[in-house]
Amino acid sequence: MYELESAHWWFRSLHELVLGCLDKNPKNTVSILDAGCGTGRLMFQIKNLGEITGFDFRDTALSYCRNRGLKNAILVDLNKWNATENQFDYIISLDVISDQGINDDILIFKKFYKTLKPGGKLLLHVPAFPILKRSHDKAATIRKRYLRKEIEVIAKEVGFTPIQIQYRLSFALPLFLIWKLFESIISSSEESKSDMFALPSCANRLLLKLSRWENAVLKQGLGLPWGTSIFSILQKN
């Protein structure tokens, strides 16, 4: 991830989507939590937007954050985290509640709700469609893939008002299904290999262009019928 994030179309398009949802000119200082900050690339990009805190439960991830000069990246296991009430304006959670390390995703939703300030927003990204489960999921420690309706039900149950819950990367879904079929033919069921690898520059540019186009569609509030991921903006009442 650390080597790929700055150039790979998947990471770049996701980070650009998140950045487009944050207030660039807030009247007051904004507090942002990156819950599952990984190697810290997104934290690095938003570090000038307010008070940024990063949580991750892997020491290895935090070492990369330190390589980026990020000082407020903290070792925290969300399962054991005692959330402070009304602390953050934004929480960013990218492919975290779906991780094998999470014991109870609804409990994490409740903690996010508690620690957001009234009117605060959760920017949530999760893998979509169980049919896409493949060796990549094992390599990327993906515990669960969600449907849009599941996120909506959990969000409302916890108390969030959904501003947006949409599938993204619809163009990639048939590609990943083909890759899954190809993988099942040539690979052992015991193998686990991530889909995240460096692509030829022309392919990377094309996929980045397509994903940016979809980002623009999502920002207009237009829904996509399917996708490889779900992006949600959920607001605390």
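Residues numbered from 1 in each chain as written. Predicted model: local features only at pLDDT ≥ 70, side-chain atom pairs only at ≥ 80, totals over all residues. Heavy atoms only, no water.

## Structural notes on the packing of aromatic side chains
Applying the stated criterion across every chain yields a total of 9 aromatic pairs. Considering the side-chain rings of W9 and F171, the 5.9 Å spacing of their centres and the 45° angle between planes classify their relative orientation as tilted. Remark: F171 occurs in the loop between β6 (160–168) and α7 (172–186) and W9 occurs in helix α1 (residues 9–19); sequence separation between them is 162 residues. For the cation-ring pair, K236 lies above Y113, with the distance from its terminal atom to the ring centre recorded as 5.2 Å. (Phe/Tyr/Trp six-rings, centres within 6.5 Å; stacked < 30°, edge-to-face > 60°. Helix = DSSP H or I, 4+ residues; strand = E, 2+ residues; numbered from the N terminus. Lys NZ or Arg CZ within 6 Å of the ring centre and 35° of its normal.)

## Concerning a nonpolar patch on the surface
Together, W179, L181, F182, I185, I186 and F197 make up a nonpolar patch on the protein surface, roughly 630 Å² of accessible area in all. Along the polypeptide, F197 turns up in the loop between α7 and α8 (201–219). Residue F197 is classed as partly exposed on the basis of its relative accessible area, which comes to 38%. (Patch = residues over 30% accessible without salt bridge, like charges linked within 9 Å, V, L, I, M, F, W, Y side chains within 5 Å. Areas by Shrake-Rupley, 256 points an atom, 1.4 Å probe, with all protein chains shown as cover. Salt bridge = Lys/Arg side-chain N within 4 Å of Asp/Glu carboxyl O. Buried < 20%, exposed > 50% of the residue type's maximum accessible area, 1.4 Å probe, protein only.)

## Notes on helix α4 (residues 105–115)
Restricting attention to buried positions, one finds in α4 the residues D105, I108, F109, K111, F112, Y113 and T115. Those residues of α4 that are buried lie in contact with β1 (31–35), β4 (88–94), β5 (116–127), α6 (148–158), β6 and β7 (229–236). N-capping of α4 is provided by D104, with a side-chain oxygen placed 3.1 Å from the backbone N of I106. (Contact = heavy atoms within 4.5 Å. Polar contact = N/O pair within 3.5 Å; in protein donor to acceptor, adjacent residues only side chain to side chain.)

Note that every value here comes from positions in space, so none of it alone points to a role or purpose.
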